[in-house]
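The residues making up each chain are set out below.
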Amino acid sequence: MNAVKMSNVIIRAWIIRTALFLVVGVIMTVSVHAQAIHTDANADLIKWGACPPPPDGLPNAGQQCSTLSLPLDYRVSNGQTINIAISRIKAASPSLRRGVLLLNPGGPGGVGLDLSREFTILLPQTVLDRYDLIGFDPRGVGRSAPLTCGLTPAEAIEAYAPLEQPGGFSATAAFVHNVADDCTASTGAVLPFITTANTARNMDQIRQALGESKISYLGYSYGTYLGAVYSSLFPSHTDKVVLDSSVNPSWLWRGQFREWGPGGELRFPDFANFAAANDGTYHLGQTPAQIYDVYFQLINSLYKSPITFPDGTVFNAPMFRELLFGVLYDDSDFPALAPLWRILKDSPGDTAAVQHALQTVDSPSPSVPGVPSDNVAASGLAVLCGDIAWSHSIDQYQAEFNADSLLFPLFGTLGSNIWSCAFWPNHPIEPPVPITSKGPSNILMVQNIRDPAAPYWGALGMRAALGQRSRIVSVDQGGHGVYAFKPNVCANDTMTAFLVNGVFPNNDTFCPAESGSTSSETLNSQTKERVIKELLRQMKFK
């Protein structure tokens, strides 16, 4: 079956799957008006101080920082504690202040301490006027008691998400088994308590320390699950909750990653159309079908002949596949990816040119002093393996890997590989928090229809689980992340109206494709683009 026919099959399957998930029936109409959220009797109990210097190019924006000492195990009174780093930027207009807006970039493993600074660049002034922006590094992440598994930077990249190892599936299984053993040896008794539920409990402790009776929340990607867990554990403590690019709470976590196969298949035509439309510049092919053929040519070539750079690092087919999948998060990366394809196609022996083009597409994040280089992988695996028990059947993983490789040849191997969770030594300390419709109707979801990492049909699963508590804004565009990330005025203005004036749609909403400026622009576009790139990086498994 050629690539175009395969794409049509995937799209038809997606349509059928989406129809099965659609919420049926009349949803209660709720009109919520803007109102001030009163604080608890206790005033802000946090002693605020200076923050670490902002990354180059970011304004200080008046951010303050502090550390809270919170329970490691919430089942034990007066037990061991863990330090959680938090930040704040006060509402720009005290007379309009509504409350606090907690922020999470996704991951798991994404740092959040500087989000308050970063979102002063992304959010519209009407939101900044009304909310104190609260950033925090989740437990085990960044400056909040960071975990390490003692992995080298290269091992960390290949462990999260797991990449195929030379030698095939058995070699990959041995590699991720060693990673699991290393994590156990390095993190000790802390490892079982780095979970989504405990991070949600930390959020409520932050709320209490701030002296707030309720909090609002904006979370992306994995952060949508964190927000749903918080809203389920503490429904009466939520004001306005925005879930952007939602995962499916019934897919924890193996099922979520296996959906990268069909999700990537649905999204890839956007890049193929771009490359074909610009064949005069990139010379990759005049039709999307030709772009598909080039993809498989490059994959096959990199399997046979991985490229070794002068510094000894290797670039191979699984890395190329992961790189492409990450680029599909945002259309603005397409012009940087296409030149890499051309070099790989025409001059793969020019390793200096390949390395330069690769760094243009995917430059590394700056290191954070005091944070282990493998922290993202270590903390991410701790959450994924600690939230729910994974199968220990190696045969099952191999069968799924082989099946998804055939069904979804573009990206099936990326999400369906065997993870370290298959060898995790600790059984979860509690079952997953049930995500239900019990609670106020104050959760607004927003979702790209062609999201590769959090496929649309998965978001409909979150919508169904939340029931009358939620509405979903579906946006006819591709990529990962919507609000303040993509220039769709309909979607951005709907979310802003919810946060600012409490306008909660009567029904689920559709936003057609569009382009142009968005009201969330607050500083020059170059600074904004840089912030978006870094936030999208934090959503990826790298």
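Report follows, based on the coordinates. (Residues numbered from 1 in each chain as written. Predicted model: local features only at pLDDT ≥ 70, side-chain atom pairs only at ≥ 80, totals over all residues. Heavy atoms only, no water.)

A short note on helix α19 (residues 489-501)
Phase 1 of the analysis: With 13 residues, α19 ought to run about 18 Å at 1.5 Å a step, and its terminal C-alpha atoms sit 17 Å apart, in line with that.
Phase 2 of the analysis: All of the buried residues in α19 are Ala491, Asn492, Thr494, Met495, Thr496, Phe498, Leu499 and Val500.
Phase 3 of the analysis: Gly502 sits one or two residues past α19 and shows a positive phi near 70°. (Helix = DSSP H or I, 4+ residues; strand = E, 2+ residues; numbered from the N terminus. Expected span 1.5 Å × (residues − 1). Buried < 20%, exposed > 50% of the residue type's maximum accessible area, 1.4 Å probe, protein only.)

Considering the sheet that holds strand β4 (residues 131-136)
Phase 1 of the analysis: On the basis of which strands lie adjacent, the open sheet formed by nine strands has the order β1-β2-β4-β3-β5-β6-β9-β10-β11 and mixed pairing. Among the strands making up the open sheet, the edge pair consists of β1 (64-71) and β11 (509-511). Here the strands of the sheet are splayed against their neighbours by 20° on average, with no regard to which way each runs.
Phase 2 of the analysis: Pairing between strand β6 (residues 238-244) and strand β9 (residues 443-450): four bridges, direction parallel. Within the sheet, the bridge partner assigned to Val241 lies in β9 and is Ile443.
Phase 3 of the analysis: Contacts between helix α18 (residues 456-466) and the sheet are confined to β6, β9 and β10 (470-478), with β9 contributing the most and set at about 160° to the helix. (Pairing = 2+ DSSP bridges. Axes fitted to C-alpha atoms, helices over the stretch in contact; angles between N-to-C directions. Contact = heavy atoms within 4.5 Å.)

Brief notes about the nonpolar core
Phase 1 of the analysis: Core analysis: the largest hydrophobic core is formed by 154 residues, its most contacted members being Phe119, Phe268 and Trp341.
Phase 2 of the analysis: Setting aside residues no more than four positions away along its own chain, Trp341 makes contact with Phe268, Phe271, Leu284, Ile291, Val294, Tyr295, Leu298, Phe320 and Leu324. (Core = buried A, V, L, I, M, F, W, Y, C linked by side-chain atoms within 4.5 Å.)

What to know about the pattern of salt bridges
Phase 1 of the analysis: In total, this model carries 20 salt bridges according to the counting rule given.
Phase 2 of the analysis: With its nearest N and O atoms 3.3 Å apart, the salt bridge here joins Asp346 to Lys345.
Phase 3 of the analysis: A relative accessible area of 43% places Asp346 in the partly exposed class.
Phase 4 of the analysis: Put simply, Arg267, Asp270, Asp331, Arg450 and Asp476 are held in one network by salt bridges that share partners. (Salt bridge = Lys/Arg side-chain N within 4 Å of Asp/Glu carboxyl O.)

Everything listed here is a matter of geometry and, on its own, says nothing about what the molecule does.
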